[in-house]
Amino acid sequence: MSKTITIDPITRLEGHGKIDIFLDDKGDVEKALFQVPELRGFERFVEGRPAEEMPQITSRICGVCPTAHHMASVKALDALFGVVPTPAARAVRETFYNLFMFEDHLLHFFFLGGPDFIVGPDAPKGARNILGVIDKVGVETGKQVIAIRKRCRNLMSEIGGKPIHPVLGLPGGVAKQVTPEMRATLRTFAADAVNFALFTVKAFNDLVLANKAYVDLILSDVYYLDTHYMGMVDKAGKVSLYDGDICVVDPAGKEVDRFAPAQYASVIAEHVEPWTYIKFPYLRKIGWKGFVTGKDSGIYRVAPIARLNAANGMATPKAQAEYERLYATVGTRPIHNTLAMHWARLVEVLFAAERLVELAACEELTSPDIRNMDLKTPREGVGIVEAPRGTLIHHYQSDANGLISRANLVVATVGNSAAISMSIDRAARKLIKGGTVNDGLLNMVEMAFRAYDPCLSCATHNLPGKMPLSVRLRNREGAVTQTIVRTCNGEAQVIQSSVSSPHVSGGSHG
Amino acid sequence: MAGKPKIALYWCASCGGCEETVVDLDERILDVVAAVDIVFWPCAMDFKYSDVEAMADKSIAVSFINGAIRTTEQEHVAKLLRRKSGLVVAFGDCAWMGGIPALANLSNRREIFDRAYGPGPTTVNPEGVMPQPGGMLDGRTATLPAMYDTVLRLSDVIEVDYFLPGCPPTSDLVAGAVTAILTGALPAKGSVLASDKSLCTTCDRNASKPDSLTVDSFRRVTQVAVDPTKCLLAQGVVCMGPATRDGCGFPCVKGNMPCTGCFGPVSGADQGARMVAALGGILDTSNAATREALAGIPDPAGSFYRYGMSASLLGSKRKEAGA
Amino acid sequence: MAAFEPTIIAFVCNWCSYAGADSAGGQRLEYPASVKLVRVMCSGRVDPQFVMQAFRDGADGVMVLGCHPGDCHYRNGNIKALRRFELFATMLAQFGIDSKRFKLDWVSAGEAKRFAEVVTDMTNAVRGLGPLVLNGMVEREVA
Amino acid sequence: MTSASPKTVLFLCKCGTNIAEFVDLDEVAKTFAASGGAAVIESHELLCSPDGRKFVQDVVARNKPDCVVVAACSPKTHEKTFQDAAGAAGLNMGKVSMANIREQSAWVTSNKAEATAKAISLIRAAIRRTALNEELSRDSIECNTDVAVIGGGIAGIEAALIAANAGRKVTIIERDISLGGEVIRTEEVAPTMECAPCLLAPRLSAVRDHPNIRVIANAEVTDVLGFFGNFTVKVARKARYIKDSCIGCEACFEVCPVSVKNSFLLGMGEKKAVYTQFPGSVPAAAVIDREHCKHFTDGSCSACVEACPFQAINFDDTDESVEIAAGAVVMATGSGSVDSAALAGLGHGKLDNVYTMPEFERLASSNGFTGGTLTLKDGRIPTSAVVIHCAGSLCQGGLQYCSGICCTTAVKAGDLLRKKCPGVAVTNLHDRLVFPSPQAQAFYQEQAHHGTRFVRVGDLAGVSVVRDGNALKVTAPGMAPTTVDMVILSTGMRPSQSGAHLAQLLNLDVDQWGFPRADHSILHATGSTIDGVYLAGSCASPCDVTTAITRAQAAAGDVISRLAPGRKVELEPMPSVIDADLCGGCKLCIAVCPYKAITYDAEKHVSSINEAICRGCGTCAATCPGKAATAKHFTNQQIYAEIGGILNGRV
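Residues numbered from 1 in each chain as written. Chains lettered and ligands numbered in written order. Predicted model: local features only at pLDDT ≥ 70, side-chain atom pairs only at ≥ 80, totals over all residues. Heavy atoms only, no water.

### Observations concerning the overall build of chain C
Counted only if it meets this: Comment: elements are numbered from the N terminus, with helices defined as DSSP H or I runs of at least four residues and strands as E runs of at least two. In this treatment the radius of gyration is a C-alpha quantity, and the globule benchmark scales as 2.2 Å times the residue count to the 0.38 power. Three labels apply to residues, based on accessible area from a 1.4 Å probe with only protein chains included: buried if under 20% of the type maximum, exposed if over 50%, partly exposed otherwise in between. Here, two residues are considered to be in contact whenever any of their heavy atoms come within 4.5 Å of each other.
Looking only at helices and strands, chain C has 4 helices and 4 strands in total. From first element to last, N terminus to C terminus, chain C shows the α and β order β-α-β-α-β-α-β-α. For 143 residues, the compact-globule formula gives about 15 Å, and the C-alpha radius of gyration of chain C, at 16 Å, lands near that figure. Its C-alpha atoms put chain C at 55 × 35 × 20 Å along the principal axes. Counting every position in chain C, which comprises 143 residues, the buried fraction comes to 66%. Pairs at least 24 residues apart make up 83% of the contacts formed inside chain C by residues separated by at least 6 positions.

What follows is the structure in structure tokens.
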């Protein structure tokens, strides 16, 4: 058992998600890299596990959106065991899922993404966190946010055991029946949820859209990326989160593909790079053309704005109205402005709340017929849901005993990995000239990054607060010339490095 | 703000659920924020090693570290935090005993890479490119931390003062731990900050379990319409409650699903050994029927060490071979 | 480099198998010195955790020996052991431990010859497999 | 070992040349002197010799060690020897262990180097584990020497008399109104054909007059609590309505206006509403049948009150529950007979003059309703009879085993018939014949000689009995149909209902046929699976009267030898224990305990072990998912220390 322990001083302080920027001799950006420095290997170690355990195992891929993985997994099991969930099961699952979407989107808006706009990009750094948000919107509102979220999580516990890593799903059904009492609670909650969603939209209006500077920022070409878009749609072509076909539109908004979950592999392919542990999905038909945008590049985007772009509207009235307002304001279709992601997210918050009202009214919800136990011999199954961060795909194969023999997971954030890299590269190129950088730049770059609400990033893990980030400027030889770090409490530090020292390095702690 | 104790929260190989459980403190988070100065990452420090060294040791009151140790970088940061912190708390199963990522210890790094980056339903990789430290892009070297072959617990690389069980720990447990730390009302160093009895002691279905329980065969949850009022084990469904630490409030059982053991074993116990011993003991069947009776447990290692492979006797790194 | 000689730990029940070993001694039946006995009152007392600990501490093979079914001094402890280790064997395989490295068998107080045979066979089988290396014991090589 | 470890004295026994010749004891001594594993190391020629024991005692007295390890022979041979020797110098038995370097090393390893190395690892293991041993004590508890006998048949009576004669206070609990069981209902006992009641009579009067025996008849056991040395037997006694002053003079029988079917005569005869089973029964007192007595039905009659010369009638008597404290319980509930459903094919219950063997016994019995004259239903004397073997045994719906004794009784039928009805022609239809003894075999040959015709029928299931005028036609494969007056079905023995009920109350394990299992089928066949509960008579398995009595004697003997007045019951020195602070109350240990020594406290949510019942097998400790159960002297830590000691250097 030979033993070589290497701790590379250069990687000493790396975090989850790192940006390397390479400069040319003039000090202009030649390339900016976004890296994910970790791999947990789920696809390998789920092999040999009983299929029915997958919803609980794979939810551990992400503790922020466990319900998305849980649900994609359960749907994959339905297919794997060739069983159709009972109407009651479907109603319970969709209720649970919309509770989750409502809560997760709100969390991002108020705790994570919100600070950029509600508090403001130029606000004192120390205030750029949930506490700052609370100062801005008032403690009462802050408490309301916390309260509505709490009620939402409690309902999820009632229905699915626990909100983080739920135990709800079984192939062909759910584990627990919804009682009339739970339904009553749901009914009141759903009504309040709709009002709270409207309140949030109003806050966004007053605090962001009313501010020209912000609107310009949103529309600025720094955050512009013309790519394909992917999202799930219902029969009518409206945005769907729990179930439906997947629709792909090109940068011009033209539908180029629409497929059922089982066909996903014929549409999506993934590319591997040696400098990051994350893979880069692209449209198989077009192929991998490198980190470029446009209709000739296979790179596509997912998540709220992509879903809206890929669909022809929202299935509920209030959400539809907000959807129309969004497109009217931006004025293009599809919307290529990355920062519009925040607004699109609110449209979906509204949609989720309205769906909850409908589901609370649906009779099946409390039926005792929660499981279809007529399971067939398992073989292969694909399950897809729209996670907060985009289209999420679980694909399993198993032996006849239902032990997983192969799993393929295309995780939502991964769907955006190429786009995130390009957004950062673009922001960096636009903003860094002649080797000069400043904290403003870092914040701008960070915003491009955080708009995607990427699971892997500190954005979802730095709670509350802001993303610490470092940018290392390297010369052609790759030696670090300068490192700028923006710390938790926001001060920027500039560290000059002697070119001769190749080991001096920086890292991002996100 | 200066007077308040500094608290750091760092994540290694984990899913973020442990951070979510902090948010689930709900209104209590405001009290916590009022009482402490939260330094979520030790990023106030400079990047040159010398500057890191310069930061006063033990200047962080307590570091909550979640996630398993899988890369050189995670081990490094863990060691750094250990030095800079008065207390280090392993927060959640991954840090305590490896957690779900440690299921990888049934396999190894090579197989994991082959599966993740080798040809698959969607992966197209004709040249067999593998991410690696020093991976190149357009002639430029990017830096990636290296992955270990074995998933480690936090306590495999640094000294840990306390452990918070759970995947994730419940927010009540977290609140209790924070209070205990702030008030200094802490048990012996090295303790798990939870009960040392098994889950059955509080589970409201234990009353329905017969005093002398024997099971003629174990069945998978897909094969049973679970009676929501009766002990799952008594229904032949493998519930890990008996071999699992109490303190979660049995949410899974309330969800009408069996306990999968995320609060880990009681002190000094190997969770898998305990389950094998207990289930084997109550299995009442003829020799001939034993295999079928056990067919309902097709994956004992994966099921009994779901959250604790790095703490298991057979699936963990040998202390003797420390790095 | 001397040929590999395995270390075998055998957990034996006080009433049958330990006595069987004694009679093997009484009859001067030679068997490999690599086999070491740990006495317990009943094979039903053998906790799987003992076996794991033995493997982890460096045993290359582990045996559990008890009274023949029906002869258990405590009625049915050996049957409990049988059920338990049936499940245990499945788990060992998952850890990549060859099934030949663990054996549950019955030896009565009178079966001196049989005792010598089973432990000798076990030793030979394990000698053929070489030293035990647990997957989890692989140290942290870096890619 | 660290310096903090306890002080250990290591004794090395040369065992003459037995060990010294094969194991290099000097090398061993050097090793442990060097490692500091033992503070004192002493060798001796033969430690188990009187001189050796003295040596051990002196060394221990001189050095006052915390632990002693004796490297010698098997602990099974001499552990107690050295525990006593060290004990004489004040060291607790738990702190003395042996390393078996003779049987496990010297005698089985020819290579001296290997033998020595193995001896060293065995000793190292012993030293490490002994360091962790806790003190042991041979606790004992006061116990009740009284005996409760359940069932007043000949087995129960025999057990009671033996125990009573040995000075124990005995209580016999009998379901019927008087003692006697099956034997009192029998005329003669095969193969010796002794008069059954005559066998019983002296014993009955002995019981009646015995100062140490109390009989509670007309009573049933409702519960049994406790453990060996301290049982409480709860009994429900039905009202008798007649005082003990009754001597059974039968004066009241004459005046009683009510007649009812007599179960003692299998309903073939009648009795009054006030009755005894038979003259001279024990207890002698009669009983009033509450169901039929006119005093209770319509209050119209109290004739017996006037008629009784002893003023023994007591209409105010009431049912009562009695608690009996006893150190041991002897179960002698006897056996039952095949239900007639399984005999329907043979005409039983449908045709006159078709009797099971027990019915035939009553018919032929002098205390039966004909006073012992054998007649047919219509009063004729039978001229011919067929005895069918294995009736209801080894057949569909019947017993799935051979009772082993019915062939003998079946042969007896012929003898009885010829004695009571001279000239009667008897034919036995049988398959394989089974006789438990040479005497029984001889009895069969003798009966064949006296004229019983034995016909082997390959397939007894093919035998049928049908009415033929006022006779019975018996057909069987391979035999010409024969017409006879009487058919007797030789039936086997099955667990009695009362026995099954009692087994449930006592938590006894029962086998697949419903008979209570023996503690050990060979070593302790009269012991049940609950310590202190014994099995006498045919309740344990089918047997003849001889065996029933022998079992009773064996059980009683064991009881009196263990329940000696003044002596305490010694408890297992190494019981398992449950730490209430760690027990999660999952109850899984309860299922694995072979002695049902563990009980769950629903209030406290913890389980606990009754040390008086526990025998220290440790299965609960191996099972406990919460690490709350521990096997004393074989704790996990001690075992791990032993493993570590053996594998030292490999880790």
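Picking up after the structure, the text goes on.
### With respect to the sheet that holds strand β6 (residues 123-124) of chain B
Basically, it comes down to this: A pair of strands is considered paired only if DSSP assigns at least 2 bridges between the two.
In spatial order, the strands read β9(A)-β8(A)-β6(B); together these 3 strands make up an open sheet with mixed pairing. Sheet topology places β9 (280-283) of chain A together with β6 of chain B at the edges, where each strand pairs with a single neighbour. Pairing analysis gives 2 bridges linking strand β8 (residues 268-271) of chain A to β6 of chain B, with the strands arranged parallel. In the sheet register, Glu270 of chain A faces β6 of chain B, and the bridge partner there is Thr123 of chain B.

### Observations regarding the environment of Glu359 of chain D
With respect to the element layout, Glu359 of chain D can be found in helix α11 (residues 357-364). If we ignore the near neighbours within four places in the chain, the residues touching Glu359 of chain D are Leu266, Met268, His348 and Val354 of chain D.

### Remarks on the state of the cysteines
How we decide: In what follows, a disulfide is any cysteine sulfur pair within 2.5 Å.
Inspection of every chain in the model, using the stated rule, returns 2 disulfides over all chains. Disulfide pairing places Cys16 of chain C opposite Cys67 of chain C at an S-S distance of 2.5 Å. Negative torsions about the S-S bond denote left-handed disulfides, and the value of about 100° found for Cys16 of chain C with Cys67 of chain C makes this one right-handed. In this pair, Cys16 of chain C sits in the loop between β1 (8-13) and α1 (17-26) while Cys67 of chain C sits in the loop between β3 (61-66) and α3 (77-94), placing the two residues 51 residues apart along the sequence. Residue Cys16 of chain C is classed as buried on the basis of its relative accessible area, which comes to 10%. The disulfide partner of Cys195 of chain D is Cys198 of chain D, and the gap between their sulfur atoms is 2.0 Å. The chirality of the disulfide connecting Cys195 of chain D with Cys198 of chain D is right-handed, given an S-S dihedral of about 80°. For Cys198 of chain D, a relative accessible area of 48% gives the class partly exposed. Here Cys15 of chain B stays free of any disulfide, with the sulfur of Cys167 of chain B as its closest cysteine sulfur at 5.8 Å.

### Describing the pattern of salt bridges
For clarity, the threshold we go by: What counts as a salt bridge is simple: a side-chain nitrogen of Lys or Arg found within 4 Å of a carboxyl oxygen of Asp or Glu.
In the structure shown here, the tally under the stated rule is 81 salt bridges over all chains. Taking the shortest distance from any N to any O, the salt bridge between Arg39 of chain C and Glu79 of chain D comes out at 3.3 Å. Of this pair, Arg39 of chain C sits in strand β2 (residues 35-40) while Glu79 of chain D is found in helix α3 (residues 75-88), placing the two residues in two different chains. On the basis of relative accessible area, Glu79 of chain D is assigned to the buried category, the value being 14%. In the salt-bridge network here, residues are joined through shared partners; they are Lys75, Arg90, Glu94, Asp243, Arg355 and Glu358 of chain A.

### Some details on the confidence of the model for chain A
Residue and element names in this part refer to chain A. As a reminder, the rule being used: On a scale of 0 to 100, pLDDT captures the predictor's confidence in every residue.
Within chain A, residue pLDDT values average 82, and 79% of them lie at 70 or more. Here residues 1-15 scores under 50 on pLDDT; set against residues more than four positions off or in separate chains, the count is 54 contacts. Predicted confidence is poor over residues 455-470, with pLDDT under 50, and the contacts of this stretch with residues over four places away or in other chains come to 80 contacts.

### Looking at helix α15 (residues 545-562) of chain D
An α-helix turns once per 3.6 residues; consequently, residues spaced three or four apart project the same way. All names here are of chain D. We apply this condition: A helix is expected to span 1.5 Å for every residue after the first. Directions from the helix axis toward the C-beta atoms define the arc.
For α15, with 18 residues, the first-to-last C-alpha span of 26 Å sits near the 26 Å given by 1.5 Å per residue. For α15, every residue scored as buried is listed here: Ala548, Ile549, Arg551, Ala552, Ala555, Ala556 and Val559. When α15 is viewed along its axis, its buried side chains cluster within an angular range of 160° and face the same direction.

### Quick notes on helix α18 (residues 636-647) of chain D
Across its 12 residues, α18 of chain D extends 16 Å between first and last C-alpha, which sits within 8% of the 16 Å expected from 1.5 Å per residue. The element α18 of chain D is largely enclosed, with a buried count of 11 among its 12 residues. Turning to α18 of chain D, its buried residues are Asn636, Gln638, Ile639, Tyr640, Ala641, Glu642, Ile643, Gly644, Gly645, Ile646 and Leu647 of chain D. Considering only its buried residues, α18 of chain D is in contact with β1, β2 and α2 (48-56) of chain C together with α5 (112-132) of chain D.

### Observations regarding unusual backbone geometry
The peptide bond linking Arg333 of chain A to Pro334 of chain A adopts the cis configuration, its omega dihedral lying at 0°. Relative to the helices and strands, Pro334 of chain A is located in the loop between α11 (317-330) and α12 (341-361). Going from Cys167 of chain B to Pro168 of chain B, the amide bond is cis rather than trans, its omega being -5°. Its identity is not glycine, yet Ala303 of chain A carries a phi of approximately 90°, on the positive side. For Ala303 of chain A, the position within the fold is in the loop between β10 (300-301) and α10 (304-310).

### Re the sheet that holds strand β13 (residues 404-410) of chain A
Residue and element names in this part refer to chain A. Put simply, the rule is: Between N-to-C directions, angles span 0 to 180 degrees; the directions come from axes that are lines fitted to C-alpha atoms, helices contributing only their stretch in contact.
Spatially, β11-β12-β13 is the arrangement adopted by the 3 strands of the open sheet, whose pairing is antiparallel. Edge positions in the open sheet fall to β11 (380-387) and β13, since each of these has one partner strand only. With direction set aside, neighbouring strand axes in the sheet form an average angle of 15°. Bridge count between strand β12 (residues 390-398) and β13: 6 bridges; the pairing is antiparallel. Bridge pairing in β13 places Gln397 opposite Arg406. Contacts between helix α3 (residues 66-80) and the sheet are confined to β11 and β12, with β11 contributing the most and set at about 150° to the helix.

### Thoughts on the packing of aromatic side chains
Spelled out, the test is: Pairing of aromatic side chains requires ring centres within 6.5 Å, counting the rings of Phe and Tyr and the six-membered ring of Trp. Pairs whose planes differ by under 30 degrees are stacked, by over 60 edge-to-face, and all others tilted. To sit over a ring, a charge needs its Lys NZ or Arg CZ within 6 Å of the ring centre and within 35 degrees of the ring normal.
The tally for this structure, following the rule as stated, stands at 32 aromatic pairs over all chains. On the numbers, 6.1 Å between centres and 35° between planes, the contact of Phe280 of chain A with Trp288 of chain A is tilted. Centre to centre, the rings of Phe280 of chain A and Phe291 of chain A are 5.0 Å apart; their planes meet at 90°, and the pair counts as edge-to-face. Highlighted residues: Phe280 of chain A in strand β9 and Phe291 of chain A in the loop between β9 and β10, separated in sequence by 11 residues. Among the residues examined, Phe280 of chain A registers a relative accessible area of 0% and is labelled buried. Counting every residue linked through ring pairs, the aromatic cluster contains Trp275, Phe280, Tyr282, Trp288 and Phe291 of chain A. When the ring centre of Tyr18 of chain C is taken as origin, the NZ or CZ atom of Arg39 of chain C, which lies over that ring, is 5.5 Å away. When the ring centre of Tyr275 of chain D is taken as reference, the NZ or CZ atom of Lys271 of chain D above it lies at 3.7 Å.

### A few points about the interface of chain D and chain B
Selection criterion: Summed over both partners, the accessible surface that disappears when two parts come together, traced with a 1.4 Å probe, is what is meant by buried area. We call two N or O atoms a polar contact when they sit within 3.5 Å, provided that within protein one can donate a hydrogen and the other can accept it, with sequence-adjacent residues counted only if both atoms are side-chain atoms.
Each partner contributes to the interface: chain D provides 24 residues, whereas chain B provides 27 residues. Regarding the contact of chain D and chain B, the summed buried area is about 1,800 Å², with carbon and sulfur atoms giving 54% of it. Contact with chain B buries area across many residues of chain D, yet Lys587, Leu588 and Pro625 of chain D alone supply 29% of it, more than any other trio. The interface formed by chain D and chain B contains 1 salt bridge. A salt bridge links Lys587 of chain D to Asp211 of chain B, with the shortest nitrogen-to-oxygen separation between them at 3.8 Å. On inspection of chain D and its partner chain B, the count reaches 9 residue pairs in polar contact (both at pLDDT 80 or more). For the side of chain D that touches chain B, the elements supplying multiple residues, two or more each, are α16 (588-592) and α17 (619-623) of chain D.

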